[in-house]
Amino acid sequence: ASSVLATLNKPGFTLGSTNQDNRAKAFAQFLRGISLGYDAMVYDSSAVVDETTTNEDAGELKPYTEVVAASMAALQKSIDYASAAGTGGVAMPNV
């Protein structure tokens, strides 16, 4: 999820529209939030990896309380991206 966010945040990169970009960012932040929350629930410490963390950096271990805070922040970002299109929210594709 973090590498997807890093790619989506590169200048000039788009999936085709702002709506599609926001949908992908919302899903990636949701995955980050759920994953970090699970780590905090199971382990007493974990690394908080985000879109600025490089592949070579394993991250610094943080106590579970900080991991929970990062999880909640990621979930809030997911909500923000999902509602970025206004009252209609992010449109889902017809499958």
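Everything discussed here concerns the structure shown above.
Keep in mind it's a predicted model, so treat the numbers as computed, not measured. (Residues numbered from 1 in each chain as written. Predicted model: local features only at pLDDT ≥ 70, side-chain atom pairs only at ≥ 80, totals over all residues. Heavy atoms only, no water.)

Undergrad: Please give an account of the overall build of the protein that cites residues and values.
TA: For the protein, the count of helices and strands is three helices and two strands. Listing every helix and strand of the protein by position from the N terminus yields α-α-β-β-α. Relative to its 95 residues, the protein shows a buried fraction of 24%. Within the structure as shown, the protein displays about 6,200 Å² of accessible surface, and the carbon and sulfur contribution to it stands at 58%. (Helix = DSSP H or I, 4+ residues; strand = E, 2+ residues; numbered from the N terminus. Buried < 20%, exposed > 50% of the residue type's maximum accessible area, 1.4 Å probe, protein only. Areas by Shrake-Rupley, 256 points an atom, 1.4 Å probe, with all protein chains shown as cover.)

Undergrad: Provide a residue-level description of the environment of I34, including the pertinent values.
TA: Tracing the backbone shows I34 in helix 2 (residues 18-42). Once the C-alpha coordinates of I34 and V68 are considered, the two residues, 34 residues apart in sequence, prove to be 9.9 Å apart.

Undergrad: Help me get a handle on the environment of V49, residues and values and all.
TA: Inspection of the secondary structure assignment puts V49 in the loop between strand 1 (45-47) and strand 2 (61-63). Linking V49 and A1, residues 48 residues apart in sequence, is a C-alpha distance of 9.6 Å. Those residues within four positions of V49 in sequence are excluded, and the remaining contacts are S2, R32 and A58. (Contact = heavy atoms within 4.5 Å.)

Undergrad: Break down a nonpolar patch on the surface for me, with residues and values.
TA: Where nonpolar side chains cluster on the molecular surface, the patch consists of F27, F30, L31 and I34 and spans about 380 Å² of accessible area. Mapped onto the elements, F27 comes out in helix 2. We classify F27 as exposed; its relative accessible area is 52%. (Patch = residues over 30% accessible without salt bridge, like charges linked within 9 Å, V, L, I, M, F, W, Y side chains within 5 Å. Salt bridge = Lys/Arg side-chain N within 4 Å of Asp/Glu carboxyl O.)

Undergrad: So what's going on with helix 3 (residues 64-82)? Which residues, and what values?
TA: In a regular helix each residue adds 1.5 Å, so 19 residues correspond to 27 Å; helix 3 covers 27 Å between its end C-alpha atoms and thus fits that length. Every buried residue belonging to helix 3 is among V67, A70, S71, A74 and S78, and all of these are buried. In an axial view of helix 3, the angular spread of the buried residues amounts to 105°, which keeps them on one side of the axis. Next to the buried residues of helix 3 lie helix 2, strand 1 and strand 2. (Expected span 1.5 Å × (residues − 1). Arc of directions from axis to C-beta.)

Undergrad: Which residues make up the packing of helix 2 against helix 3, and what values go with them?
TA: Across the interface, helix 2 lies against helix 3 with an axial gap of 7 Å and an inter-helix angle of 160°. Considering their axes alone, helix 2 and helix 3 lie roughly antiparallel with respect to each other. Two packed elements cross with a definite hand, and for helix 2 against helix 3 that hand is left-handed. Contacts between helix 2 and helix 3 involve N22, K25, A26, Q29, F30, R32, G33, I34, L36, G37 and A40 on the former and, on the latter, Y64, V67, V68, A70, S71, A74, L75, K77, S78, Y81 and A82. When the residues that make up the contact of helix 2 with helix 3 are grouped by side-chain class, the tally is 13 nonpolar, six polar and three charged. (Axes fitted to C-alpha atoms, helices over the stretch in contact; angles between N-to-C directions. Parallel < 35°, antiparallel > 145°, perpendicular 65-115°, else oblique. Left-handed = near helix turned anticlockwise from the far one by under 90°. Nonpolar A, V, L, I, M, F, W, Y, C, P; charged D, E, K, R; others polar.)

Undergrad: Hey, could you go over helix 2 for me, with residue numbers and the actual values?
TA: With 25 residues, helix 2 ought to run about 36 Å at 1.5 Å a step, and its terminal C-alpha atoms sit 36 Å apart, in line with that. What helix 2 keeps buried is the set D21, N22, A24, K25, A26, A28, Q29, R32, G33, L36 and A40.

That is the geometry; function is a separate question.
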